[in-house]
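Structural overview for review
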Amino acid sequence: MKYGAFAMASAIAIVAANGALAESHVTPEAEVLHYWTSGGEAKSVAVLQEEFAANGGTWTDMPVAGGGGDAAGTALRARVLSGNAPTAAQIKGPSIQEWYQEGVLADISDVAEANNWGELLPASIASHMKCDGTWCAVPVNVHRVDWIWANTEILAANNIEMPTTWDEFNAAAETLQAAGIIPLAHGGQAWQDATVFETVVLGLGGPDFYQKALVDLDPEALGSDTMVAVFDQMRTLRGYVDDNFSGRDWNLATAMVMNGEAAFQIMGDWAKGEFLAAGQEPGVDFTCASTPGEGFLYNVDSFAMFEVGGEAKEAGQELLAELVMGPTFQEVFNMNKGSIPARTDVALDGFDSCAQTSSADMAASSDGGSLLPSYAHGMALFGAQAGAITDVVTAHFNSDMSSEDAVQMLTDAVANSM
Amino acid sequence: MSKWLQDNMPKIVLAPSFIAVMIFVYGFIGWTAWVSLTRSRLMPRYELDSFIQYERLAASPRFETAMVNLFIFGSLFIIIAMVLGLLLAILLDQKIRTEGAIRTIYLYPMALSMIVTGTAWKWILNPGLGLEAMVRGWGFEEFRFDWLVDPDMAIYTIVIAAIWQSSGFVMALFLAGLRSVDGEIIKAAQVDGIPHWRVYTAIIIPSMAPIFLSAFIVLAHLAIKSFDLVIALTGGGPGYATDLPATYMYAMAFSRGDIGQAASSAMVMMLVVFAIVVPYLYSELRTKDG
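Bear in mind the structure is a predicted one, so any value in this text is a computation, not a measurement.

Definitions and cut-offs
Residues numbered from 1 in each chain as written. Chains lettered and ligands numbered in written order. Predicted model: local features only at pLDDT ≥ 70, side-chain atom pairs only at ≥ 80, totals over all residues. pLDDT = per-residue confidence, 0-100. Contact = placed C-beta atoms within 7 Å. Helix = DSSP H or I, 4+ residues; strand = E, 2+ residues; numbered from the N terminus. Buried ≥ 20, exposed ≤ 12 C-beta atoms within 10 Å, placed from the backbone. Nonpolar A, V, L, I, M, F, W, Y, C, P; charged D, E, K, R; others polar. Axes fitted to C-alpha atoms, helices over the stretch in contact; angles between N-to-C directions. Parallel < 35°, antiparallel > 145°, perpendicular 65-115°, else oblique. Left-handed = near helix turned anticlockwise from the far one by under 90°. Domains from an automatic or database assignment.

1. Points about the confidence of the model for chain A
Looking at chain A, pLDDT values average 87 and 93% of them are 70 or higher. In the predicted structure, residues 11–23 of chain A sits below a pLDDT of 50 and forms 11 contacts with residues beyond four places in sequence or in another chain.

2. Here we look at unusual backbone geometry
Unlike most non-glycine residues, asparagine 159 of chain A shows phi in positive territory, near 55 degrees. Relative to the assigned elements, asparagine 159 of chain A resides in the loop between helix 8 (152–157) and helix 9 (166–178). Residue class for asparagine 159 of chain A comes out exposed when judged on the 8 C-beta atoms lying within 10 Å of it. The backbone of serine 50 of chain B shows a phi angle near 40 degrees, a positive value even though the residue is not glycine. Summarising the element assignment, serine 50 of chain B is placed in the loop between helix 1 (2–35) and helix 2 (52–59).

3. What to know about the interface of chain A and chain B
The interface of chain A with chain B comprises 24 residues on the first partner and 26 residues on the second. Here the side of chain A that touches chain B gets seven residues from one element, more than from any other, and that element is helix 18 (residues 383–397) of chain A. Here the residues of the side of chain A that touches chain B sort into six nonpolar, 12 polar and six charged.

4. Concerning the packing of helix 7 (residues 154–180) of chain B against helix 10 (residues 209–224) of chain B
In a packed pair of helices, the relevant descriptors are the angle between the two axes and the axis-to-axis distance. All names here are of chain B. Packing of helix 7 against helix 10 brings their axes to within 10 Å, and their N-to-C directions diverge by 160 degrees. Overall, the two elements helix 7 and helix 10 adopt an arrangement that is roughly antiparallel. Read as a crossing pair, helix 7 and helix 10 show a hand that is right-handed. Residues Ser166, Val170, Leu173, Phe174 and Gly177 of helix 7 pack against Ile211, Ser214, Ala215, Leu219 and Leu222 of helix 10. Considered class by class, the residues forming the contact of helix 7 with helix 10 number seven nonpolar, three polar and no charged.

5. Looking at the domain arrangement of chain A
Residue and element names in this part refer to chain A. Once the domains are mapped, chain A shows domain 1 (2–144 + 299–358) and domain 2 (147–297 + 367–417). On a C-alpha basis, the centroid separation for the pair domain 1 and domain 2 is 30 Å. Between domain 1 and domain 2, the contact holds 17 residues from the first and 19 residues from the second. Within the residue set of the side of domain 1 that touches domain 2, elements represented by two or more residues are helix 4 (94–101), strand 6 (137–144), strand 11 (296–305) and helix 17 (353–368). Broken down by element, the residue count for the side of domain 1 that touches domain 2 peaks at three residues, all from helix 17. Along the lines of polarity and charge, the residues of the side of domain 1 that touches domain 2 split into four nonpolar, nine polar and four charged.

Structure follows, in structure tokens:
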């Protein structure tokens, strides 16, 4: 019933937008640079294109595949440098601020304030979308990073509950290892090492420590005993990974959990898509839970609007911003992609139980101040600093470096990256 | 007028490519050098800030690993590929019947791109899928060959794949060199009763010095600019254990938005190339003048 009301409201909003545009006699135009090119993602972005066209706009698609957005970033830089910026581009986290500092982003505060974004978005996510107090980007989705996925059958067979602390996890892993099952499915790629690392930092240090160490880069927190304990836990986890993990892709690690070769995987909620695609059901075949400890690490995709001339393009930016934040798009897109809507008022009836948990946790952690940006996925830090930390994490995980040495290296690397 | 045109025709024809090279090679080298002296991050900036990027480079353990790897990879790759190539060439030079077919087989790896070589060797060397799994399947349960996932040994897997790719090419170079040695001298030596192996070590190989130099220069620049092989074979991993300066530069420029670091590492790479090429050019030019 509630959902019906939203659909109605959005329909009215779209009609109203149409009316306004009809009066001004311009066809909204948008050239959108994005890196959603794989199957499910491409389908999701097609939803937006259709909606844009239905509202009388002309959409020019500019997908750039490859490198998890690296290639798109290069294309964007080339275009901005040559004075030919796209209308909108998919950029996220601190890069939005970096681009703003280059003085190329457009102000979309009019749309944002007319649609009350400030109320609809969790405060910490909204802060990424604002540049010096004005709105400069629009969020699409919220991926939760600190998930732990488990094979339900294996857990039941070995009498294991989903762990809520890292000690419980270690105990469970010992049991599994004794039973001849790989406790943790993991792919040895730097970003996956970093993903596990940040969940351990959050779990062992708590949200305040996470904020200090991986967001504020406080040297004291980085060099603290807690950080030594984090690296100790990483070394312990290394023992729970099979010998052949080096270079493995994340979806192959997910498949190991699905096939019953391994019990757990620590990975963001895009892993859910793999389980669902294999016809598995949450709660029945696989179990999702947040990684041990409290807090919520988010990875939010967003579109930033660039300063472009011409009424048509500006109208296109306004329409795009409005549609992206619209409840219909947020619902359809996120159901396709496995994430949850960034706006908090979308009904989640059609979503699976993992997404519903995620959404409830997001609201709760936003109130409790533990809704935090993921460092491993480029939400917390500029590229150079995040990369410096990842270098240390992956060097430690893939060698026999001591935790004390790793902490020393971490503080040096962060200082050197400034 | 036509006389002037006649005199200056070569210059006029060469001018476009000369200008293009000046801008796109030397101009951009200069641009990179300039950027390497700034604090450029996501976008290039042009305010000079002394040698900060080089200091950061010197303090970066990852770049140190990359340079050490370049040294290990470069020296092993060049030496082994040359020794193997020479050996193959000498064996092939024994006037055997199927020389044409064998030569083609040895040359074939060169026809593959480094990406294909890297991917194929990634599967061959993967302990769970490739050699190790196969030998264990034969019943040798204790057999271990897990260099690919061992941070200390992974760089040697890159050496193996690169040698497999290039030694056939080096063989072809040497074979051409062997054939160009004056047959009369060899016959004279044989008449004097000099053993076969002495003919090679004392006459043929010393007379092939220029071929050695060309092979060295070709292999050295292949080694320094190696990028695709590492990306395909190990992705720089485990950790960053197999990073080379080229992959370091790519990571800085395109994933991390740290253009200053990328530019300074590119300058260091260029200096390494200069250190090898300049003495070569110098010796070449000097002999021609003399």
